[in-house]
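Spelled out from the first residue to the last, the chains are:
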Amino acid sequence: MQYQEIYKQGVSVLEGAGIEEAALDARLLLEEVCGTDRTVLYAHGEREISGGEEEQYLEKIKVRANRVPLQHILGKTEFMGLTFTVNGHVLCPRQDTEILVEEVLKHLHDGMRILDIGTGSGCILLSLLHYSNDCHGIGADISEEALEAAKTNAVRLGAAHADFVKSDLFEKTEGKFEIIVSNPPYIKSAEIDGLMPEVKDHDPHAALDGGEDGLFFYRKITEKAGEHLPGGGMLFYEIGWDQGEAVKNILEENSFREIQIVKDFSGLDRVVFGTWYGETR
Ligand code: GLN
């Protein structure tokens, strides 16, 4: 069968299954199976593919039609221009989170120490280290399996200054950090059931569930963050679109100042950060 024909078949199966980015996913899966890039579809669509490739492709299309995330089928995803290994033990890195990384990068200087709470795949910490000089970072996570994925990514990216520790928030983190960053679970418990199947059935529940009001981890982390920051140290969070004011208030109540809310490309609140000047109340 021709490359472009099997591609069209893939698109139509995924469209039928209600997959939003059917064309993109069908193309990326075909490229994965055939070891090709996007130019093949547009310039050499009449190329014949082997029976084996066809079978493998249709199998992957079937899995995707069952709402398994594309990233899980590929076993990897792109984040900040870097490739990360992902699996069912870590939250799939989101484009939204690049806003958080970009914001931290504006404030990150050579040699700083960074703590990433709930590091998951390690995508935040490893991107920060990749795009800076001589910084050192700790990624903390309560999940052993997530830490395995993060370590795989650290090796893959050649991150020399990243360490990972199994820790319930700050439980096992030692020393102070100029930058603390986190993309904690922030979905309200009752809303998880209404999320798309790729998320609610395949991202780890523990990486999503922010408790009854979605703010549980912002409170827990912010209350303790000051103990791990020097004066002038900064705390950065990714937040849900409707959590800007609430998280800003939590930072204010805990002696953070110069608090800012940053919007994403859709104009929605996405990041909150503030600076620690010590106990001033
Ligand atoms: N830090 C990881 C990320 O942003 C995991 C976050 C999480 O599991 N809530 O992708």
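Let me begin by describing the structure that accompanies this report.

The rules behind each value
Residues numbered from 1 in each chain as written. Predicted model: local features only at pLDDT ≥ 70, side-chain atom pairs only at ≥ 80, totals over all residues. Heavy atoms only, no water. Helix = DSSP H or I, 4+ residues; strand = E, 2+ residues; numbered from the N terminus. Rg over C-alpha atoms; globule rule 2.2 N^0.38 Å. Buried < 20%, exposed > 50% of the residue type's maximum accessible area, 1.4 Å probe, protein only. Areas by Shrake-Rupley, 256 points an atom, 1.4 Å probe, with all protein chains shown as cover. Lys, Arg positive; Asp, Glu negative; His and termini not counted. Charge placed at Lys NZ, Arg CZ, Asp CG, Glu CD. Pairing = 2+ DSSP bridges. Contact = heavy atoms within 4.5 Å. Arc of directions from axis to C-beta.

### Re the overall build of the chain
When helices and strands are tallied, the chain shows 11 helices and nine strands. For the chain, whose C-alpha radius of gyration is 21 Å, the value lies close to the compact-globule estimate of 19 Å for 281 residues. Among the 281 residues that make up the chain, the fraction classed as buried is 51%. Of the roughly 13,400 Å² of accessible surface on the chain, a fraction of 48% belongs to carbon and sulfur atoms. Here the chain holds 27 positive side-chain charges and 50 negative ones, and the gap between their average locations is 2 Å.

### Some words on the pairing of strand 2 (residues 82-85)
Bridge count between strand 1 (residues 76-79) and strand 2: four bridges; the pairing is antiparallel. Residue F79 lies in a different strand from strand 2, and its bridge partner there is L82. Remark: two residues form the turn of the hairpin made by strand 1 and strand 2, two consecutive strands paired antiparallel; M80 in that turn has positive phi of roughly 50 degrees.

### With respect to the side chain of D116
Here D116 shows up in strand 3 (residues 113-117). In contact with D116, other than residues within four places in its own chain, are I124, L125, I138, G139, A140, V181 and S182.

### Section: helix 11 (residues 244-253)
Side chains of residues three or four places apart in an α-helix project in the same direction, reflecting 3.6 residues per turn. Every buried residue of helix 11 is accounted for by G244, V247, I250 and L251. Seen along its axis, helix 11 keeps its buried residues to an arc of 130 degrees; they face one direction. In this fold, the buried residues of helix 11 make contact with helix 10 (216-225), strand 7 (234-238), strand 8 (256-263) and strand 9 (269-276). Directly after helix 11, the chain includes S255, whose backbone phi takes a positive value near 70 degrees.

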